[in-house]
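# Coordinates in review
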Amino acid sequence: MFRASSTRRARLLGVLIALAVGGGVVTTSAAPVSAQGQASISIQPVTEGSGTRRAAFVFTMAAGTVQTDSVVVANGGDETANVRVYVANAFSTASGKIGVKSYSDELTAPATWLRYTSQLGDGILQIPPHTAKSIPFALRVPADAGPGDYALGLGAMPVVDSPTPIPGQDSLTVITAVATLALIRVDGPLIPSVAITDMKVSAKPPVIPGTNGGQSTVDFNLVNSGNQRVKATVNISQINALGRVSYRYPTFTVEGLLPGAVVPVKKGWPDAPSLRGRIRVEVTTDSTASVTRSMGFWSVPWGFAMILLALLAILLLARRIRRRLRHRRATTASAGGAPTVRVR
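Residues numbered from 1 in each chain as written. Predicted model: local features only at pLDDT ≥ 70, side-chain atom pairs only at ≥ 80, totals over all residues. Heavy atoms only, no water.

### Topic: the overall build of the protein chain
- Each helix and strand in the protein chain was counted, giving one helix and 20 strands.
- In the protein chain, which comprises 344 residues, the share counted as buried stands at 38%.
- Considering only contacts within the protein chain whose residues lie at least 6 apart along the sequence, 74% involve residues at least 24 apart.
- Summing over all exposed atoms, the protein chain offers an accessible surface of approximately 19300 Å²; the carbon and sulfur share of this is 54%. (Helix = DSSP H or I, 4+ residues; strand = E, 2+ residues; numbered from the N terminus. Buried < 20%, exposed > 50% of the residue type's maximum accessible area, 1.4 Å probe, protein only. Contact = heavy atoms within 4.5 Å. Areas by Shrake-Rupley, 256 points an atom, 1.4 Å probe, with all protein chains shown as cover.)

### Considerations on the nonpolar core
- Core analysis: the largest hydrophobic core is formed by 38 residues, its most contacted members being Phe-220 and Val-281.
- At five residues, the largest contribution of residues to this core is made by strand E13 (residues 170-186).
- Not counting residues within four places of it along the chain, the set of residues in contact with Val-281 comprises Ile-196, Met-199, Val-218, Phe-220, Val-234, Asn-235, Ile-236, Val-291, Thr-292 and Arg-293.
- Ile-41, Phe-57, Leu-139 and Val-178 belong to the second-largest nonpolar core, a separate cluster that totals 30 residues. (Core = buried A, V, L, I, M, F, W, Y, C linked by side-chain atoms within 4.5 Å.)

### Side note on the side chain of Asn-224
- One can find Asn-224 in strand E15 (residues 215-224).
- Residue classification places Asn-224 among the buried positions, given a relative accessible area of 2%.
- Only 2.9 Å separates the side chain of Asn-224 from the backbone oxygen of Gln-228, close enough to count as a polar contact.
- Polar side-chain contacts of Asn-224 include one of 2.8 Å to the backbone oxygen of Leu-257.
- Look past the residues within four positions of Asn-224 in its chain and what remains in contact with it is Ser-193, Arg-229, Val-230, Leu-257, Leu-258, Pro-259, Gly-260 and Ala-261. (Polar contact = N/O pair within 3.5 Å; in protein donor to acceptor, adjacent residues only side chain to side chain.)

### Comments concerning the packing of aromatic side chains
- The full count for this structure, using the stated rule, is eight aromatic pairs.
- Geometrically, the ring pair formed by Phe-57 and Phe-137 is edge-to-face, given 5.2 Å between the ring centres and 90° between the ring planes. One end of the pair, Phe-57, is in strand E5 (residues 57-61); the other, Phe-137, is in strand E11 (residues 131-140), and 80 residues separate them in sequence.
- Of the residues examined, Phe-57 reaches a relative accessible area of 0% and is grouped as buried.
- Both rings, one in Tyr-249 and one in Trp-269, keep their centres 6.0 Å apart while their planes meet at 55°; by these two values the pair is tilted. (Phe/Tyr/Trp six-rings, centres within 6.5 Å; stacked < 30°, edge-to-face > 60°.)

### Some details on the environment of Gly-277
- For Gly-277, the location among the structural elements is in strand E19 (residues 275-285).
- Sequence separation between Gly-277 and Ile-239 is 38 residues, and the spatial gap between their C-alpha atoms is 5.6 Å.
- Ignoring anything within four residues of it in the chain, the contact list for Gly-277 reads Ile-239, Met-295, Gly-296 and Phe-297.

### Observations regarding the sheet that holds E15
- Strand order in the open sheet formed by three strands is E14-E15-E18, with antiparallel pairing between adjacent strands. Edge strands, defined here as strands with exactly one partner in the open sheet, are strand E14 (194-204) and strand E18 (262-269). Averaged over all pairs of adjacent strands, the angle between strand axes in this sheet comes to 15°, irrespective of strand direction.
- Sheet analysis places E15 next to E18, joined by eight bridges and oriented antiparallel. Pairing of Leu-222 across the sheet is with Val-263, part of E18. (Pairing = 2+ DSSP bridges. Axes fitted to C-alpha atoms, helices over the stretch in contact; angles between N-to-C directions.)

### What to know about the sheet that holds strand E16 (residues 230-239)
- Reading across the sheet, the four strands line up as E17-E16-E19-E20 and stay open at both edges, with antiparallel pairing between neighbours. Single-partner strands in this sheet number two, and they are strand E17 (245-257) and strand E20 (290-299). For this sheet, the mean angle separating the axes of adjacent strands, direction not counted, is 15°.
- Sheet topology places E19 next to E20; ten bridges connect them, and they run antiparallel. Counterpart to Arg-280 in the pairing with E20 is Ser-294.

### Examining the environment of Ala-56
- Structurally, the position occupied by Ala-56 is in the loop between strand E4 (41-45) and E5.
- Spatially, the C-alpha atoms of Ala-56 and Ala-182 are 6.0 Å apart, while their sequence positions differ by 126 residues.

### Describing a nonpolar patch on the surface
- Together, Leu-309, Leu-312 and Leu-316 line one region of the surface with nonpolar side chains, adding up to about 290 Å² of accessible area.
- Assignment of secondary structure puts Leu-312 in helix H1 (residues 302-337).
- By relative accessible area, which is 45% here, Leu-312 ends up partly exposed. (Patch = residues over 30% accessible without salt bridge, like charges linked within 9 Å, V, L, I, M, F, W, Y side chains within 5 Å. Salt bridge = Lys/Arg side-chain N within 4 Å of Asp/Glu carboxyl O.)

### Things to note about the side chain of Arg-54
- The topology assignment puts Arg-54 in the loop between E4 and E5.
- A polar contact of 2.9 Å, which involves the side chain of Arg-54, links it to the backbone oxygen of Val-46.
- Those residues in contact with Arg-54 that lie beyond four places of it in its chain are Pro-45, Val-46, Glu-48, Asp-69 and Ser-70.

Keep in mind these values describe shape, not function.
Pasting the structure below:
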């Protein structure tokens, strides 16, 4: 158990869910995960009759049908553990993985489609050390469910006592939960589609135009606007005022972009065009979906521009003074050489 203290009195319970993803599927390690003072818990799909281990549940179902299966929860520790087993919403994380939310979050479809059997009771199992329990469940896809890809999480976490309040201190208990995914495809037409929304660009140009340096930043949301889970590959290019690519950000991927997911992306690099530039974002996927969007921006080194304007003003003023002096000298010379005529 990890405890941190400060100057106020409170109690906070946090849940951390660590998942690794590959090819759009969560691939949790077979090794149990534990935190200091907590049981060593793992969760994974039950091994199939062929002996093949599954990294996640993968179901293809028709609307209105039911699928049954089992999940295995194991206690790899040396003491009996009380383990909470739950269903949770899955989501696409900012890092491009598929994550599973806390058990305390309100469930939405498709997480509401899964129910454990009655033997789970209040959701807490007592598991002896070095023992695993298989928990059956039923997944019911509603008759009105639309076609496409869905995901939900099956999680497990040790039940621990809240820390005893200490006057003048905060106590923080971090509970490490583990989870596996259920990836569901409901029969029907798949319509892959991605979009780039809320794009913003900014630049801090180099002090002297034409030299290296400065900073460019692009912000946007990567949206799966279709009904198919996709792996998105993102390329970002910076184009200078001459229409040439002046910088290419390293290509990166968003492995598990679920339908309806909105993943915020913010990237920056130590280079900015002089005066005028454009940033282009190109997204391709492992399906037929793709999208390209670009946005222009000004990249003016205002400090340098102010110096140029000041110099220009000085030059114009000097030129005007010189013209006035020349005009005055010419007038004086003309007046001095002309004859004086008196009229009586």
